[in-house]
Each structure stands twice: as structure tokens, then as C-alpha cells.
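Each chain, letter by letter, is given below.
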Amino acid sequence: MMNPHVTLAELQGPCVQMGETSRRTLPTGHCPQDTAHRTLPTGHCPQDTAHRTLPTGHCPQDTAHRTLSTGRCWLHSSGTNNYISFIDGPNTVSVSSSPSGGILEGSSVTLNCNSEANPPVESYTWFRRSGSEDLEISYGQSYTIGYISTEVSNKYKCRASNQHGYAFSEYIGLDVVYGPKTVLVSSSPSGRVLEGSLVTLNCNSEANPPVESYTWFKGTEDFEIGSRQSYSFYISSSDSDKYKCRASNQHGSADSEYILLDVLYGPKTVLVSSSPSGRVNEGSSVTLNCHSEANPPVENYTWFRTSGTKDFEIGSGQRYSFYISSSDSNQYKCRASNQHGSADSEYIGLDVLYRPKRVLVSSRPSGGILEGSSVALTCNSDSNPPVESYTWFKRSGTGDVLIGSGQSYTIMNITSSDSNKYKCRASNRLGSADSGYMPLAVLYSPKETSVSVTLRCNAYANPPVTDYTWFREDTNDDTYTGLNLITKSSDDVYEVLT
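Quick caveat, the model's predicted, so the values are computed rather than measured. (Residues numbered from 1 in each chain as written. Predicted model: local features only at pLDDT ≥ 70, side-chain atom pairs only at ≥ 80, totals over all residues. Heavy atoms only, no water.)

*Asks:* Would you take a moment to explain the overall build of the protein chain for this structure?
*Replies:* Helix and strand content of the protein chain: 0 helices and 46 strands. Out of the 498 residues belonging to the protein chain, those deemed buried represent 36%. Sequence separation of at least 24 residues holds for 57% of the intrachain contacts in the protein chain that already meet a minimum separation of 6. Here the protein chain displays about 28700 Å² of accessible surface, and carbon together with sulfur accounts for 47% of that area. (Helix = DSSP H or I, 4+ residues; strand = E, 2+ residues; numbered from the N terminus. Buried < 20%, exposed > 50% of the residue type's maximum accessible area, 1.4 Å probe, protein only. Contact = heavy atoms within 4.5 Å. Areas by Shrake-Rupley, 256 points an atom, 1.4 Å probe, with all protein chains shown as cover.)

*Asks:* How should the side chain of Ser 149 be read in this particular structure?
*Replies:* Relative to the elements of secondary structure, Ser 149 occurs in the loop between strand E11 (142-145) and strand E12 (155-162). When neighbours within four sequence positions are excluded, Ser 149 is seen to be in contact with Glu 105 and Val 176.

*Asks:* Explain the sheet that holds strand E26 (residues 285-295) here, please?
*Replies:* Sheets are built from strands that pair by backbone hydrogen bonding, the pairs being arranged parallel or antiparallel. Read across the open sheet, the 4 strands follow the order E16-E24-E26-E29; overall the sheet is mixed. The two strands at the open ends of the sheet, each matched to only one other strand, are strand E16 (192-194) and strand E29 (319-323). This sheet shows a mean twist of 35 degrees between the axes of neighbouring strands, independent of strand direction. (Pairing = 2+ DSSP bridges. Axes fitted to C-alpha atoms, helices over the stretch in contact; angles between N-to-C directions.)

*Asks:* Please explain the environment of Ser 161 as it appears in this structure.
*Replies:* Here Ser 161 is to be found in strand E12. Along the primary structure Ser 161 and Glu 122 are separated by 39 residues, whereas in three dimensions their C-alpha atoms are 5.8 Å apart.

*Asks:* Just checking my understanding: could you explain the confidence of the model for the protein chain for this structure?
*Replies:* For residues with low pLDDT, the predicted coordinates do not support detailed interpretation. Per-residue pLDDT for the protein chain averages 81, and the proportion of residues at 70 or more is 77%. The low-confidence segment residues 1-78 (pLDDT under 50) makes 147 contacts with residues lying over four places distant or belonging to another chain. (pLDDT = per-residue confidence, 0-100.)

*Asks:* What is the right way to read the state of the cysteines from this model?
*Replies:* Simply put, the disulfide is a covalent bond whose two ends are the sulfur atoms of two cysteines. In the structure shown here, the tally under the stated rule is 4 disulfides. The partner cysteine of Cys 203 in its disulfide is Cys 245, sulfur to sulfur 2.1 Å. Measuring the twist about the S-S bond at about -90 degrees, one finds the Cys 203-Cys 245 disulfide to be left-handed. A residue pair is termed long-range when its members are at least 10 positions apart, and Cys 203 in strand E17 (residues 198-208) and Cys 245 in strand E21 (residues 242-249) qualify at 42 residues. Disulfide pairing is shown between Cys 290 and Cys 334; the S-S distance is 2.1 Å. Measuring handedness by torsion sign, the sulfur bridge of Cys 290 and Cys 334 sits at about -90 degrees and is left-handed. Here Cys 334 lies in strand E30 (residues 331-338) and Cys 290 lies in strand E26, a separation of 44 residues in the sequence. Accessibility classification places Cys 290 together with Cys 334 in one group, the buried group. (Disulfide = S-S within 2.5 Å.)

*Asks:* I tried to follow the pattern of salt bridges on my own but got confused; where do I start?
*Replies:* Two side chains that carry opposite charge are able to pair once their charged atoms sit near each other. With the rule as written, the count across this model stands at 21 salt bridges. A salt bridge links Lys 423 to Asp 434, with the nearest nitrogen and oxygen atoms 3.1 Å apart. Here Lys 423, found in strand E39 (residues 421-428), pairs with Asp 434, found in strand E40 (residues 431-434); they are 11 residues apart in sequence, far enough to count as distant. A single salt-bridge network, built from bridges that share partners, covers Arg 395, Asp 400, Lys 423, Arg 425 and Asp 434. (Salt bridge = Lys/Arg side-chain N within 4 Å of Asp/Glu carboxyl O.)

*Asks:* I tried to follow the pairing of strand E37 (residues 399-405) on my own but got confused; where do I start?
*Replies:* Side chains on a regular strand alternate between the two faces of the sheet. Bridging between strand E36 (residues 389-396) and E37 involves 6 bridges; their strand directions are antiparallel. Its bridge partner being in E37, Trp 392 is matched across the sheet by Gly 404. In this structure, the hairpin formed by E36 and E37 is closed by a connection of 2 residues, where Gly 397 is found at a positive phi of approximately 65 degrees.

*Asks:* So what exactly am I meant to see when it comes to the packing of aromatic side chains here?
*Replies:* Here a ring pair, both rings aromatic, is described through the centre-centre distance and the interplanar angle of the planes. A full pass over the atoms with the stated rule returns 11 aromatic pairs. Feature note: the residues Trp 216, Tyr 231, Phe 233 and Tyr 243 constitute an aromatic cluster, connected by ring pairs. One residue, Lys 244, lies across the ring of Phe 217, its end atom 6.0 Å from the ring centre. Over the aromatic face of Phe 393 sits the side chain of Lys 423, whose NZ or CZ is 5.8 Å from the ring centroid. (Phe/Tyr/Trp six-rings, centres within 6.5 Å; stacked < 30°, edge-to-face > 60°. Lys NZ or Arg CZ within 6 Å of the ring centre and 35° of its normal.)

Right under this line is the structure:
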């Protein structure tokens, strides 16, 4: 590196006195000789160790290899040696940071400014780039930012000044490193999604260094479902839920807000309930209610009652009410529909409670029954709950005589006197009902034989006979007894038993 002190013997040309100091300028076309005492071409001065050429009229470079703009050299005397010293404004202004490299958000950083100048730098001024302008922010050789954030991650530069001028450093950018922030989730397709569609969730986040890993969660309990920046799946109604993404790098992690997936689907899980529930007394009012999961909500409800193997439509609306009878003990179902489809409930059976009805008596054997044999009478009835007791009656004159109980009544060794009408009474806790009368016809051989004689009396008269009187001879005393007119079968016919 070239000595900053150049002796007068190395310079050519006249010296010019100026004040107390002797100086001289190098006229155009004259330059000091190099070490071999050669004359250099006009307009050029010796090169320094960096081999840079000095422009005409300027002095040699100093140790920092800067070119002086004054074109002047100061003459000094020290003992027997005369030498020249250079004057200069700040040059080669540089900025360094501590710590250097990536700076963690929230920490502090100090910027330091350095520059060579003669005389030394008198002031330092700091600037921050904002848009297309430089904002003056501080003074001093050092500038400390106490809490660095991404908002101050800009370019900075320093201006060094002394009495001979000033110079700027290059811009220095601060590389602020931080964990993910502003984590955002988007879905494709967006908005409401039809069940069965392919859905892709995308996660994006600002971070330095960039996000290293993504994690997906479903529901407010944060059930982990996947990784990677995008998460794709075919959606079903059970996927109608909240989703979020967690972005992470070496400096931390952050979660997105929840995104709600609104899945559209036809009715499912159709349920029917009844009020009152359980067993219902005949004549009561019953309301059937239909509920279904669907999105959008169910638009139509239709009610059906089964009869045999077919379903018959009986009503519409989410509720169906009616007064129930024993004939309504049947199976019911509901159909729920919206714009995306329909679904049926399971059948619900109504258990209707009622007293006995349709009480019927049968005999075994049936038809005519031979005297001396036995006959079994059986009683059956429709009721809910089932019949609790059966009672048997036999017709006697104008009334009924209680003869037995139980579902069956057996007459052993039947006689002609058992030829009569019989009925059964069936009872449960809700009431009772009687069967119709069932006659028993007993077959038997003749007994108590009697003869029936018809006497007819005729007489001619004018005016015609209006009355006939009959007499019976008493065999003991040959007397006649008037016949009882009750036995008269017509005006002139009597039946007499002998």
C-alpha cells in the first residue's frame, strides 16, 4: 500500500506558497515519477497498490485508496524531511448491524456507521426508506431499535459529514425473522357445498422464514385430520363443521380463524314420535310428530298408514293429529323432503286400548247335538288389553241366568231340557261386551206322546152363526164340560188333548 506521505523530491512543478503552509499543485501533464524514476504519461498519476489510476490534477490516494477531490496536497516539514498530507471529506461510508443476519422479531438491534475522513467525521445522520423517500430518523454513529418488528423491517442508511463534505452509505436491509402470522384459510368451492362434492381447503400465512409445516383440525375440540398446505376430501353431511389450520416454522406457530363448511343434503335420520306416547285409550286425541336432519331444512312432510302390504297417504305437515279408535291400531310412517331428496321414517305402531268388542260364541260339535252327548261352548273377543274374564248365561223366560265362567263352557250329558239360547260376556279393565245368543238344538227320540184331535162344527143360519160352544162328556157321569175357549184356534176349531 502506498505511503500517504509523499516527499517533495517525488513531485515536479512549481510550489505555490499559501499562508503558513507551502503547497503546490501538479500542472497538467506532470506527475511524480514511480520508483524507477520514470516519467508517466501526461494526465496520469502513479497507481496505488489497488492499481487504480488517479485523474489529472489530483494527489495520490491515502491508505484507504480513496481519490481526493480537492486536488491539493499539504506540505509539512519534519526535521530535514518535507512531506505532503491529504485533506478529504468522508469517504467509503459503511453500515453494520449487531446482531447481524436474521433478527428475531421483538429483539433489539444496533446499527453502526463508519467512514474515513480527514479531518474525522463530525456528524452522523440516519435515514429510513419509506416508499420513494428517505425519512431522517436519528443522529449519532450508532442507532438502536429497541423492539424490532416486521413494520420496521425497512432499508436504512447513514450520512457521514465533516467540514469538507458528506457521503452516504449504501442501504442496509434488516432481515426480521418471525413465526407465522395472519393465517388464512379458504375453501374451494366456497360457500355452500353439496354432499358428495370434492372440497379443498387451502392455508396461507405470512412468516419469515416461510412456513415449514401445516396442520388441519376439525371441530371446536381440535381433532387433527391432516397436514400439508392443502387438504382435500369428498364431503358428507357429517363434515358440516368448523375447520382451522395451524402454520409453523422454527420461530413459532399460529392458528387461523375457524372456517365453517355448510354442507347441503337431503333429509336423513327421519324420526317419528307420538303424544301421548305408549298405550293410548280409544277415543283419545293423538298427535304424531316428524323430525329429520336436512340442509336446507325439510320443506314437506307426508304421512302414511300401512294396510296389509300397502301404504296409504293420510295427511301432510310436520304434525298429524286425530281421535284414535281401535281400527287405528296400525303402523304409521313419515316422509321428509327438500330440494335435495327425501327419506322415510321407520314405522311406528300405535297401541290402542279398548274394551272387548266383536264377542263371538262357537260350539263343538256344531249344528244339532244328540241328547246324552257333550257340547263345548267357546267365547272369543277382540280387545286390548286381552279379555280378563268370561261369563256364561242361559236364557230363561225373559231373563238370563248365570251358568258359568271361563273362555269355554262344557255341558256334559246334554238333555232335551238344555235346548236353549246361550251367550257369553267378555270383560277387561276398560269394560265388557256380550255376544249374541247362540241356540243349542238337542236331538232326542219321541217322548210324552200325545194325540191331537181337531173337531169342526158347522151350522147354517141366517144371519150366520156368531158363536159356537163346545162341551166334553164326562165319562163318569155323562155330563159335558164347556171347552176352554183359550184353546180355540179359530172361530170354529178347537184342539183338544185326550
